[in-house]
Amino acid sequence: FFRQEAGAWTLPRAKTPRLAPGPKNRAAMSGGHLSKDFFELIKSIGECKSKQEEDKILAAEVATLRQRFTEQLSPKKMKEAVVRMMYAEMLGHNADFGHIHAVNMSQQTNLIAKRVGYLASTVCLHSGHELTTLLVNTMRRDLKSTNHVEVCATLVAIPKLVNLETLPALMDPVCALLDHPSEVVRKKAVMALHRFCQLQPSSAADLSEKLRRVLCDKDPAVMGASLYILHEGAEADPKAHKDLVPSYVSILKQITEHRLPSSFDYHRMPAPWIQIKLLKLMATLGTADQRASEGMYEVLLDVLRRADTGINIGYAIIYEAVRTITAIFPNIQLLETAASHISRFVSSDNHNLKYLGIKALAGIVQVNQKYALEHQLVVVDCLEDPDETLKRKTLDLLYRMTNAGNVVFVVDKLISHLRETSDDAFRASLTERITQLAERYAPDNSWFIRTMNGVFELGGELVRPDVAHNLMRLIAEGSGEDDEADMALRRFAAATYYSMLDRPILPDILVCVICWVLGEYGYLIGGGVALEDVVDKLVDAVERQFDAPSTRCWVVVAITKLVAQLGAMPAQVAEVCGKYKQSSQVLLSKYCSELEGLAAEVGTMHAALPTDASCEDLEVDPALGFLDAYVAEALSRGAQPYLAPGERPDELDVGGSISAAGGAHGGGGGGGGHGLRFDEYEKQQAPSQILAPPPAAAPTNGAPVAAPLGSGLNVSGVRSVWGAEGFKAAEPAAPPPPPQPGYGGGGYAYGGGGGGGGGGGGGGGGGG
C-alpha cells in the first residue's frame, strides 16, 4: 500500500482515466443505440398520473415482450428486449419468460451483450434461482478472460448470484484475481470475497493471509475494500486481529496527512469513508484493551483536530472519532476534547448536528457523567424542539444523565412528556424509565409514592405488576430504621389514596394499590374520617367499570378487612355480598361468600384478619396438628382411619387392581401392582387357515361344492344371474325330497335333504 521514499512512507499518485468526448461516447451516453419506441415507453411511464395507469402500460409492454421473445431477433433487438424486460421487472411486473434470454446473452462473446446479460441476470435472478446454475461455467470462463471489462462484469454479478452450492466452484478463480494487474479487478474481487465470507463465515479463516496482503495493496481503493472484511473478522474474533492495530493507526495517520491521491478527497476531506471504517475497526479492537488503546490516543487527537473544518463530512468523522474514544480504554484528555467538540453540536441550530451531539453525549455519559452534566441545560433545551426524533433521543440522554441530585427535575420532565404523548411504544418506554429512576434515586418515600401515583394514573396498563407490588411492600415495611417515620408514611399513603377514590377514572392497577392500602391502613387516615366512610367509598367503587375482572375482587377483599376492624357488617356491604355472591366469576363469588361466613363469626374474623399484620410471619404447621381433635371425633363415630398407599388392602388398591386386570387380559404388563403399563403390546398374529381335504365323492343332490380357502375371493356357491342377454330370472325351486326315516330311538328327524342320518340322531336324542 505504501512505498518508502527518503525514509518516509508515501502513497502513489493514481491517475484517473477519462473518456474523450468523441462521437461514439456521446452516442453511448445519449442512448442512441436504443430505439425510439423504448424512449416513448420510458416517457409514458414518467408521465403517469397514477399507479393504475402505470400498471396498464407495463402490462401491455410485458405482453408485447412475451410475443417478441418468440420471434427470431437480431442481436441489437434482443439486447433492447432484455433491457425492456429488466425495466418491467424493476417496476414490479413478472417477466420470467425472458430470464433465460438474459442468461443466454451473458454467454455471448460480444462485450456489450455480455454486460447486458450479466446486468439483467443480476437484477432479475436471485441466488437460489434455478437458472443461476447455468451461469457457473460462464462465470469461471469469464473470470479468466484477458479483458478486464469482462472480468469486472462477472465480479459484479457474482455477489448477487452466488450461493453455498456454487461458492466452491468460484472461490479459487476469484482468489486468483487478487493478484490481477488492474486495480479495479482487485477491488471487485475483494468485494466478491466479502460476500463469500458472509455466506460461509468459516472461509474467512482460510482467507486471512490473503486479506492481510490486500491491506498492503498499492491502490488505496483496494485497501479500503478489504477493511470491510477485516472489520467483520475483528468483530467475530478480536484477539486474532490485535496485531493489526499498528497498521491501522499508521494508515489512518497518513490519510489525515493528505498522503492519498486527491481523487479520494471529498470536500477537501481525505478519504472520509476509509477514515470512518478505520475508526470503527480501532473501536472494536481497543475495547477493554489498554495496551492497544494507548497506541491510538495520538492519532485520535489528530483526527479530531483535522476534521473540525465546519462541513458535514467533517462532523461525521468527529462523531465517529467520539464513538471510538468512548469505546476504547478511557483517556481523560481524549474525553475532554471529545466533550468540547460535542458541545458545539448540541448548541447548533442544525437539527442533524443536535441529534449527533445528543447521541455522542449518551456515549460519553456511559464513561463518565461529569463531562455531560456540564451541558445539562443545553440538553434540556432540546426537549422543547419540535423534532420528535430529537426529543426522544434527548429523553434517552436525560435518563442516562440522572443521578441523586437531579432526579426530581429529570423525572418531572419525563412525566410531563408522558402526559403529552400518545404513542404507545414511547409511553411504555417512558413509564419503564420513570419507574427505574424513582426506585433507584428517590430522595424520600413520600416523593416516591407521589411519583408512582402519577405513573399509575398516566401509564395505566403499561406499568408492570411487580412495580405495584414493590410500592405496597415499601408502604408495609417502610425503611426499617425509624418506626415513627414509617407510620407517618403509612398515614400519608392512606390519606392520599382515600382522596384519590373521588376521581372518576382510575386505572385498574392504581385501584388495586388503593384497595390494599385502605384495607390495611384505612384506620390511619385521620382528619375526622371514620372507617364507615372508607367502607362507603369502597362500596361505591365496587360498581365501577374495570378492565380486568379480578380488580373487583381487590375491592371486596379491602371491604372484608375493614368489616373485621368494625366488628359488624354494614347493610350496604351485605347488599354487595348478596349481589355478587351469585356472580359467574368464581373468585368474586368466593370472596363474597367468605365475607358473609366470617361476618357471622366475629371472633374468627378478628383472628383471621388482624389489624396491621401484613408484615407478620405466618406460622405453618406441616403436621396439621390443629385437626387432631376433629380426626379423633370422626374416628369415635366409626370413620375409617387414613391409610398410606403402601398400607392399603388389595380391595382399595385401585392401581393394583387395574394392573392385575390388564395382566390377565393382555398377557402381563408393567411388572407391579401400581402405576401404568409401559411395555408394548404383542403384535397380533394372523389366524392360520387349514384347508379341508377334498370330498371322497361328489354329492348326489346337486349341492355346490365349497372351494378350498385361498388368497382370493371365494365365490363358490354363488348363483350366476347375469348372462349375454342380461339378467336371468330365478328358476322355480325344486320340491324338497321326502323325509327319510332315521334311526334314533323310534323318532323321525327331518334333515332338510341329505342329512337324514344326522336328523335321525337328533330325533333319537329327543326321544331319549
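Everything quoted here is computed from the prediction, not taken from an experiment.

**Side note on the packing of aromatic side chains**
Stage number 1. One pass over the structure, following the stated rule, counts six aromatic pairs.
Stage number 2. Ring geometry for Phe 38 versus Phe 39: centroids 6.4 Å apart, planes at 70°, classification edge-to-face.
Stage number 3. Taken together, the ring pairs connect Phe 38, Phe 39 and Tyr 87 into an aromatic cluster.
Stage number 4. Between Arg 433 and the ring centre of Tyr 399, over which it is positioned, the NZ or CZ distance is 5.3 Å.

**Details of helix α30 (residues 531-542)**
Stage number 1. The end-to-end C-alpha distance of α30, which contains 12 residues, comes to 17 Å, matching closely the 16 Å that a straight helix rising 1.5 Å per residue would cover.
Stage number 2. Leu 531, Val 534, Val 535, Lys 537, Leu 538, Val 539, Ala 541 and Val 542 are the residues of α30 that are buried.
Stage number 3. The elements touched by buried residues of α30 are α28 (483-500), α29 (508-521), α31 (550-566) and α32 (571-580).

**Observations concerning helix α2 (residues 36-46)**
Stage number 1. Of the residues making up α2, those classed as buried are Phe 38, Leu 41 and Ile 45. Mapping the buried residues of α2 onto a view down its axis gives an arc of 55°, with all of them on the same face. Opposite the buried face of α2, at more than 90 degrees from it, the exposed residues are Lys 36 and Gly 46.
Stage number 2. Tucked inside the fold, the buried residues of α2 contact α3 (51-68) and α4 (75-90).

**Some points on a nonpolar patch on the surface**
Stage number 1. Among the surface-exposed residues, Leu 624, Phe 626, Leu 627, Tyr 630, Val 631 and Leu 635 lie close enough to one another that they form a single nonpolar patch of about 600 Å² accessible area.
Stage number 2. Tracing the chain through its elements places Leu 627 in the loop between α34 (602-608) and α35 (628-636).

**Describing the packing of helix α7 (residues 136-143) against helix α9 (residues 167-176)**
Stage number 1. Between α7 and α9, whose axes approach to 10 Å, the crossing angle comes to 10°. Judged by the angle between their axes, α7 and α9 are roughly parallel. In contact with Val 136, Met 139, Arg 140 and Leu 143 of α7, α9 contributes Ala 169, Leu 170, Pro 173 and Val 174.
Stage number 2. Tallied by class, the residues present in the contact of α7 with α9 amount to seven nonpolar, no polar and one charged.

**Some details on the pattern of salt bridges**
Stage number 1. The full count for this structure, using the stated rule, is 27 salt bridges.
Stage number 2. Across the pair Glu 388 and Arg 392 runs a salt bridge whose closest N-O atoms are separated by 3.6 Å. Taken as a pair, Glu 388 and Arg 392 lie in helix α23 (residues 388-401) at a separation of four residues, close to a single helical turn.
Stage number 3. A salt bridge links Asp 396 to Arg 433; the nearest nitrogen and oxygen atoms lie 2.8 Å apart. Of this pair, Asp 396 sits in helix α23 while Arg 433 sits in helix α25 (residues 424-441); the two residues are 37 residues apart in sequence, bridging distant segments of the chain.
Stage number 4. Three or more residues joined by partner-sharing salt bridges are found here, namely Asp 37, Glu 61, Glu 80 and Arg 84.

**Focus: empty space enclosed by the protein**
Stage number 1. The final tally for this structure, using the stated rule, is one cavity of 30 Å³ or more.
Stage number 2. Here the largest cavity defines a volume of roughly 40 Å³.
Stage number 3. What lines the largest cavity is simply Thr 132, Val 136, Met 139, Leu 161, Val 162, Thr 166 and Leu 170.
Stage number 4. Per-class residue counts for the lining of the largest cavity are five nonpolar, two polar and no charged.

**Points about the side chain of Lys 114**
Stage number 1. Among the secondary structure elements, Lys 114 is positioned in helix α6 (residues 111-124).
Stage number 2. Judged by its relative accessible area of 2%, Lys 114 is buried.
Stage number 3. Apart from the residues within four sequence positions on either side, Lys 114 is in contact with Met 105, Ser 106, Gln 107, Gln 108, Thr 138, Arg 141, Asp 142 and Glu 150.

**Some remarks on the environment of Ile 364**
Stage number 1. Along the polypeptide, Ile 364 turns up in helix α20 (residues 351-367).
Stage number 2. Residue Ile 364 is classed as buried on the basis of its relative accessible area of 0%.

**As for the packing of helix α8 (residues 148-161) against helix α10 (residues 183-199)**
Stage number 1. At their nearest, the axes of α8 and α10 sit 9 Å apart, and the two run at 20° to each other. Considering the angle they form, α8 stands roughly parallel to α10. Crossing hand, α8 versus α10: left-handed. Two secondary-structure elements touch here, α8 through His 148, Val 151, Cys 152, Leu 155, Val 156, Ile 158 and Pro 159 and α10 through Val 184, Val 185, Lys 188, Ala 189, Ala 192, Arg 195 and Phe 196.
Stage number 2. Its residues assigned to classes, the contact of α8 with α10 shows 11 nonpolar, one polar and two charged.

**Comments concerning the nonpolar core**
Stage number 1. Formed by 169 residues in total, the largest nonpolar core has its most connected members in Leu 155, Ile 158, Tyr 248, Phe 456, Tyr 497 and Leu 538.
Stage number 2. Here the element with the most residues in this core is α29; it accounts for 10 residues.
Stage number 3. Residues Leu 41, Val 62, Val 83 and Val 116 belong to the second largest nonpolar core, which totals 23 residues.

**Considerations on the side chain of His 194**
Stage number 1. Structurally, His 194 is set in helix α10.
Stage number 2. The residues contacting His 194, other than those within four sequence positions of it, are Tyr 228, Ile 229 and Glu 232.

**Observations regarding the environment of His 417**
Stage number 1. For His 417, the position within the fold is in helix α24 (residues 407-420).
Stage number 2. Contacts of His 417, omitting those with residues within four sequence positions, involve Leu 383, Lys 391, Leu 395 and Leu 430.

**A look at the confidence of the model for the protein chain**
Stage number 1. Scored by pLDDT, the protein chain comes out at a mean of 82, with 81% of its residues at no less than 70.
Stage number 2. Note that pLDDT drops below 50 for residues 1-30; the model gives that stretch 42 contacts with residues more than four away or on any other chain.
Stage number 3. Confidence drops under pLDDT 50 across residues 695-707; counting only partners more than four residues distant or on other chains, this segment forms eight contacts.

The rules behind the values
- Residues numbered from 1 in each chain as written.
- Predicted model: local features only at pLDDT ≥ 70, side-chain atom pairs only at ≥ 80, totals over all residues.
- Heavy atoms only, no water.
- Phe/Tyr/Trp six-rings, centres within 6.5 Å; stacked < 30°, edge-to-face > 60°.
- Lys NZ or Arg CZ within 6 Å of the ring centre and 35° of its normal.
- Helix = DSSP H or I, 4+ residues; strand = E, 2+ residues; numbered from the N terminus.
- Expected span 1.5 Å × (residues − 1).
- Buried < 20%, exposed > 50% of the residue type's maximum accessible area, 1.4 Å probe, protein only.
- Contact = heavy atoms within 4.5 Å.
- Arc of directions from axis to C-beta.
- Patch = residues over 30% accessible without salt bridge, like charges linked within 9 Å, V, L, I, M, F, W, Y side chains within 5 Å.
- Areas by Shrake-Rupley, 256 points an atom, 1.4 Å probe, with all protein chains shown as cover.
- Salt bridge = Lys/Arg side-chain N within 4 Å of Asp/Glu carboxyl O.
- Axes fitted to C-alpha atoms, helices over the stretch in contact; angles between N-to-C directions.
- Parallel < 35°, antiparallel > 145°, perpendicular 65-115°, else oblique.
- Nonpolar A, V, L, I, M, F, W, Y, C, P; charged D, E, K, R; others polar.
- 1 Å grid on protein atoms, 1.4 Å probe; cavity = no way out; pocket = protein on both sides within 12 Å on 5 of 7 lines; lining within 4 Å.
- Points joined across faces, edges and corners; volume = space filled by probe spheres on them.
- Left-handed = near helix turned anticlockwise from the far one by under 90°.
- Core = buried A, V, L, I, M, F, W, Y, C linked by side-chain atoms within 4.5 Å.
- pLDDT = per-residue confidence, 0-100.

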